[in-house]
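Below, each chain spelled out in residue letters.
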Amino acid sequence: MSAVANPATVGECLRVGAGFSQGDRNWIAEQFATLDARLAGFHADATELEVSVKDREARGQKVTLECWIAGRQKIVTTSSEEDLHAALNDVRDDLRRKLNDAKTRQEPRSNKHLRDTGLPEVVPAQAGDPDELPAADPSRADAETA
């Protein structure tokens, strides 16, 4: 991924929604600071994060973290953990996982240079061709040459 002139950070992109006050914002940004490394590949002006909580401190509270990155689908993570701190960590970790999955899906599959393992490429024999031996069975090749 190429370097981004103005990389996204949680501190710059985070908004607090329902159930949180602006006073909670700094505390939440500290909890989400580990996302900065994952967000750094995106432009700050094209990235938004919003965290909200429904029924805060109640038995059925639900924390939601939404992420919008220009050119990508919105990512939503939720947690029903009863402890607010644990719920915030849960949505943060789930967002990191989903961002990694989205990045993996967007990497080019046909670029041999990116996926080169250093091993020679093995082409399987076509079905129904008895003269072709599978490359992985050297014992049969020795038997036919003897």
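Since this is a predicted model, take the numbers as computed values, not measurements.

What counts as what
- Residues numbered from 1 in each chain as written.
- Predicted model: local features only at pLDDT ≥ 70, side-chain atom pairs only at ≥ 80, totals over all residues.
- Heavy atoms only, no water.
- pLDDT = per-residue confidence, 0-100.
- Helix = DSSP H or I, 4+ residues; strand = E, 2+ residues; numbered from the N terminus.
- Polar contact = N/O pair within 3.5 Å; in protein donor to acceptor, adjacent residues only side chain to side chain.
- Contact = heavy atoms within 4.5 Å.
- Salt bridge = Lys/Arg side-chain N within 4 Å of Asp/Glu carboxyl O.
- Buried < 20%, exposed > 50% of the residue type's maximum accessible area, 1.4 Å probe, protein only.
- Pairing = 2+ DSSP bridges.
- Axes fitted to C-alpha atoms, helices over the stretch in contact; angles between N-to-C directions.
- Disulfide = S-S within 2.5 Å.

### Overview of the confidence of the model for the protein chain
On average, residues of the protein chain carry a pLDDT of 80, and 69% of them reach 70 or more. Ranking the helices and strands of the protein chain by mean pLDDT puts strand β4 (residues 75-79) first, with 95, and helix α6 (residues 138-145) last, with 52.

### Notes on the side chain of E66
Looking at where E66 falls in the secondary structure, it is placed in strand β3 (residues 62-69). At 3.0 Å, the side chain of E66 and the side chain of K74 are in polar contact. Aside from chain neighbours lying at most four places away, what touches E66 is E48, L49, E50, K74, I75 and V76.

### Overview of the side chain of R38
Structurally, the position occupied by R38 is in helix α3 (residues 36-39). Of note is the side chain of R38, whose polar atom sits 3.0 Å from the side chain of N100. Sequence-distant contacts of R38, defined by excluding residues within four places in its chain, comprise L99, N100 and K103.

### Observations regarding the pattern of salt bridges
Under the defined criterion, the tally for this structure stands at 9 salt bridges. Residue E57 pairs with R56 through a salt bridge whose shortest N-O separation is 4.0 Å. The class for E57 is exposed, based on a relative accessible area of 60%. Between R96 and D93 there is a salt bridge, with the nearest N and O atoms lying 3.4 Å from each other. Of this pair, R96 and D93 both sit in helix α4 (residues 84-106), 3 residues apart, which is roughly one turn of that helix. Members of the salt-bridge network, linked through shared partners, are R15, E48 and E50.

### Some thoughts on the sheet that holds strand β1 (residues 14-16)
Strand pairing in a sheet takes place through backbone hydrogen bonds and is either antiparallel or parallel in direction. Taken in spatial order, the 4 strands line up as β1-β2-β3-β4 in an open sheet, and their pairing is mixed. The sheet is open, and its two edges are formed by β1 and β4, each paired on a single side. Each adjacent strand pair in this sheet contributes to an overall mean axis angle of 15 degrees, direction not counted. Pairing analysis gives 3 bridges linking β1 to strand β2 (residues 47-54), with the strands arranged parallel. Looking at the pairing, R15 lines up with E50 of β2.

### Here we look at the state of the cysteines
If you walk through the whole model with that rule in mind, you get 0 disulfides. Free of any disulfide, C13 has its nearest cysteine sulfur in C67, 8.3 Å distant.

### Describing the pairing of β4
Only one face of β4 is buried: it carries I75, T77 and S79, and the other face, with V76 and T78, is open. Of the pairings in the sheet, the one linking β3 to β4 comprises 5 bridges and is antiparallel in character. Counterpart to T64 in the pairing with β4 is T78. Taking the residues between adjacent antiparallel strands as the criterion, β3 and β4 are bridged by 5 residues, where G71 takes a positive phi near 85 degrees.

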